[in-house]
Amino acid sequence: MQRLNLITWNINSVRLRQRLVERLLLDEAPDVLCLQETKCPNEQFPAAAFRKLGYGHLALNGNSGGHRGYHGVAILSRVPLSDVTVRGFCGKTDGRYVRATVTLGGAPVAIHNFYVPAGGDEPDPALNPKFEHKLAFLDEMLSFLPRACEAPGIVVGDLNVAPYEMDVWSHRQMLRVISHTPEETTRFEAAREAAGYVDLGRRFVPHHERLFTWWSYRNKDWRKSDRGRRLDHVWAAPQLADRASSFRVLREARDWPRPSDHVPVVATFEA
DNA sequence: ATGACGGATCTAATCCGA
């Protein structure tokens, strides 16, 4: 493969939105699609439908057991996947990470697909166990990524943190709102820097421009109010970031029928 | 000004998302 076209998308139920995934595969023809919040046990993943469209290679870490109906990540590919690995974070097996390797220009590229915990409402880890879990997850990413990212790769997913001022609709009003608190954003940046990877979104879109990938279902008119956040990310090893030829946020998908509240993020890498 | 929406689940009301 001489070019890698990669998409990450929090689908918010892959079974409910199977048709939207098919539409994306047909419209964008990515080589690899990373999904989060599949909300789907592995045995119920609609693999046959995607295989028909040419995506016959799968890496799944679906929800199971006590996490029925929540979480779940998947990598779909039209090129072979090797080194498929599932890992639990914070001592849980809750479907938040899957890795697979593809080949670009004869060299392996590891793809790390994450669904970071949302963290609940109350931004105090002493009062809110979900926020405590999120901070612990980010801390574990900090210790995990340096070794995992030694092999050149790409970290993608719904990372559930909007690190910069123009990654949220109001920096001032969001500082005490989970996804943009300093406790999260400092850990988030530390984890990325420990990996030595590049924030591809901000390599392509300057820091003074707003860039969002998620808009709440609760807004009456998401486009008009534009109270979004940048929660979905693509981080790339420096040598891959230098070969990135495009980066796009598919905002139009927010208006597809019965949409996800997240939109797909597309990145292209040349060999 | 906080939106008051939408998904899954032991189908009715609850948990969760962020």
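What you see is a predicted model, and the numbers here were worked out from it, not measured in a lab. (Residues numbered from 1 in each chain as written. Chains lettered and ligands numbered in written order. Predicted model: local features only at pLDDT ≥ 70, side-chain atom pairs only at ≥ 80, totals over all residues. Heavy atoms only, no water.)

Enquirer: Teacher, can you tell me more about unusual backbone geometry here?
Expert: Glycine aside, negative phi is the norm for most residues, and most peptide bonds take the trans geometry. In this model, Asp226 sits at a positive phi of 55 degrees, which is unusual for a non-glycine residue. Mapped onto the elements of the fold, Asp226 is located in the loop between α7 (222–225) and β11 (228–229). Even without a glycine there, the phi angle at Arg258 is positive, about 45 degrees. Secondary-structure assignment places Arg258 in the loop between β13 (244–249) and β14 (265–270). (Helix = DSSP H or I, 4+ residues; strand = E, 2+ residues; numbered from the N terminus.)

Enquirer: When you look at the pattern of salt bridges in this model, what are you seeing that I'm missing?
Expert: Counting across every chain of the model gives 17 salt bridges. The partner of Arg187 in a salt bridge is Asp139, with the nearest N and O atoms 3.0 Å apart. Placement of Arg187 in helix α5 (residues 182–195) and of Asp139 in helix α3 (residues 129–148) is noted, with a sequence separation of 48 residues between them. A relative accessible area of 27% places Arg187 in the partly exposed class. (Salt bridge = Lys/Arg side-chain N within 4 Å of Asp/Glu carboxyl O. Buried < 20%, exposed > 50% of the residue type's maximum accessible area, 1.4 Å probe, protein only.)

Enquirer: Just checking my understanding: could you explain the sheet that holds strand β5 (residues 82–86) for this structure?
Expert: Strand pairs in the sheet, formed through backbone hydrogen bonds, run parallel or antiparallel to each other. Sheet architecture is open: six strands sit in the order β5-β6-β7-β8-β12-β9, paired in mixed fashion. Both outer strands of the open sheet, β5 and β9 (198–199), are each paired with one neighbouring strand and no more. Bridge count between β5 and strand β6 (residues 97–104): three bridges; the pairing is antiparallel. Its bridge partner being in β6, Ser82 is matched across the sheet by Thr101. Together, β6, β7 (107–115), β8 (153–158) and β12 (232–236) form the strand contacts of α3, whose direction differs from that of β7 by roughly 175 degrees. Strand contacts of α5: β9 and β12, with the helix running at about 30 degrees to β12, the strand carrying the most contacts. (Pairing = 2+ DSSP bridges. Contact = heavy atoms within 4.5 Å. Axes fitted to C-alpha atoms, helices over the stretch in contact; angles between N-to-C directions.)

Enquirer: Just checking my understanding: could you explain the side chain of Asp226 for this structure?
Expert: Its relative accessible area of 18% is what places Asp226 among the buried residues. Engagement of the side chain of Asp226 in a polar contact is seen with the side chain of Trp215, the distance being 3.0 Å. With sequence-adjacent residues up to four places away left out, Asp226 is seen in contact with Trp169, Arg210, Phe212, Trp215, Asp221 and Arg251. (Polar contact = N/O pair within 3.5 Å; in protein donor to acceptor, adjacent residues only side chain to side chain.)

Enquirer: Help me out: how do you make sense of the nonpolar core in this one?
Expert: Nonpolar side chains tend to gather and get buried jointly when the protein is soluble and globular. In this structure, Phe114, Leu145 and Phe269 are the most contacted members of the largest nonpolar core, which totals 77 residues. Ranked by residue count, the leading element in this core is α3, at six residues. Setting aside its immediate chain neighbours within four residues, Leu145 contacts Phe114, Val155, Ala191, Ala195 and Trp235. In this structure, Ala162, Val168, Trp214 and Leu231 belong to the second largest nonpolar core, which totals five residues. (Core = buried A, V, L, I, M, F, W, Y, C linked by side-chain atoms within 4.5 Å.)

Enquirer: Before we go on, may I ask you to explain the layout of surface pockets in this structure?
Expert: Roughly 1,100 Å³ of volume is contained in the largest pocket. In this structure, the largest pocket is lined by 35 residues; those nearest its centre are Ala118, Gly120, Asn160, Trp214 and Arg229. The leading source of residues in the lining of the largest pocket is α3, at four residues. Residue composition of the lining of the largest pocket, grouped by class: 12 nonpolar, 11 polar and 12 charged. (1 Å grid on protein atoms, 1.4 Å probe; cavity = no way out; pocket = protein on both sides within 12 Å on 5 of 7 lines; lining within 4 Å. Points joined across faces, edges and corners; volume = space filled by probe spheres on them. Nonpolar A, V, L, I, M, F, W, Y, C, P; charged D, E, K, R; others polar.)

Enquirer: Even after reading the chapter, I still don't get the protein's contact with DNA strand B, so can you show me in this structure?
Expert: Lining the immediate environment of DNA strand B, one finds 27 residues, of which Ser13, Tyr115, Asn160, Arg218 and Arg258 sit closest. Take Glu37: an N or O atom from its side chain is 3.3 Å from a phosphate oxygen of DNA strand B. Asn160 is positioned such that a nitrogen or oxygen atom in its side chain is 2.9 Å from a phosphate oxygen of DNA strand B. Looking at the surface near DNA strand B residue by residue, the class counts come to eight nonpolar, seven polar and 12 charged. (Near = heavy atom within 4 Å.)

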